[in-house]
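# Residue-level structure breakdown
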Amino acid sequence: MNKPVEDQLTLVLAGTGKTGRRIVSRLQARGLPVRIGSRKGEPPFDWRDQATWAPALRGVRSVYVAYIPDAAFPGAAAAVRSFSSLAARNGVQHLVLVADRGAAEAVRCERAVQESGTAWTVIRTGFITQNFSEDVLAGAIRAGSVALPVGGVTEPFTDAEDIADVAVAALTEPGHTSRTYDVTGPRLMTFADAVEEIANETSRKIDYVPVTTEQFIATLIDLGTPAPFAAQLADLMAEVFDGRRSHLADGVQQALGREPRDFTDYVRETAATGAWNPVQAATDG
């Protein structure tokens, strides 16, 4: 007889990241057993070290599969396929994959999970809203200038809170297997629109500066980003910010029966935390 879901362990990969830590928090709040998949986890998990995979999968019923650095990066699909096959052999019953909308490598990741032999759910996401406050763009906003090679393309920014809610539903409730949810926000915005909303809410002057791909790569390298990673990130942005994601989807409504969170709500809540306050230079006392 199968154990009830609440008696079985969920492994959350990238469990300290933007979506992973929110999923961990929600599962723990329900009193459900969770294993955090990270290089500092117990046991550790590292996508680049397959020797860590089997120990992390021991006793696990379901897995939230988040590839690091991103499911759209070169090599992601091969790693996800190897991991998914191992998970199936180790008795995992359900894989929930988070993947980028419109990216070719992410589509290959989806196929890897779907062909693994386990039950599966796919959550497709766009540019995650919290990148403006919990990732590299946070520093740019605090500095007052955001420079990106995306022009005027529109994007239905995907809130990490929505991703986490859909993932937890898929991991804990029936009815989500063999489903693909395209999770987006409720409206299309340009990056300039997003920066303007943040500037207005924080009563600050924050510029949005369109740049070329070459300028973007050079800036990343100047900030200490390894050149190969900078080039891969720029290639990914060129791929997905060509208009292919400039449409809304109803994944949140399908999975949760509610509307997705609006960018304005995120901006208001985040501004209240002081996350975008400019860093004050130290002065002599």
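Here, every reference points to the structure presented above.
As the structure is a prediction and not an experimental result, all values here were calculated from the model. Counting of residues starts from 1 at the beginning of each chain's written sequence and follows it residue by residue. Two thresholds apply to this predicted model, a pLDDT of at least 70 for residue-level local features and 80 or more for giving and counting side-chain atom pairs, whereas whole-chain, interface and lining totals are computed over all residues. Side-chain measures were taken over the full set of non-hydrogen atoms in the model, leaving aside hydrogen atoms and water.

## Considerations on unusual backbone geometry
The step from E42 to P43 runs through a cis peptide bond, and the omega angle for that step is -5°. Put simply, DSSP H or I for four residues or longer makes a helix, DSSP E for two residues or longer makes a strand, and each gets a number counted from the N terminus. Within the fold, P43 resides in the loop between β2 (34-37) and α2 (53-57). Omega for the bond connecting I68 with P69 falls within 30 degrees of zero, at 10°, which places this linkage in the cis form. Following the sequence through the fold, P69 ends up in the loop between β3 (60-65) and α3 (76-89). Positive phi is not limited to glycine here, since A14 has a value of about 55°. Examined against the element boundaries, A14 turns out to sit in the loop between β1 (9-13) and α1 (20-29). Between buried and exposed lies partly exposed: a residue is buried under 20% and exposed over 50% of the maximum accessible area for its type, with that area taken using a 1.4 Å probe on protein chains only. Judged by its relative accessible area of 17%, A14 falls in the buried class. The phi angle at S203 is positive, at roughly 55°, despite the residue not being glycine.

## Overview of the pairing of β2
Burial along β2 is one-sided: R35 and G37 are buried, while V34 and I36, pointing the other way, are not. In short, DSSP must find at least two bridges between two strands for them to pair. Of the strand pairs in this sheet, β1 and β2 are connected by 4 bridges, and their pairing is parallel. Within β2, the position partnered with L11 by the bridge is R35.

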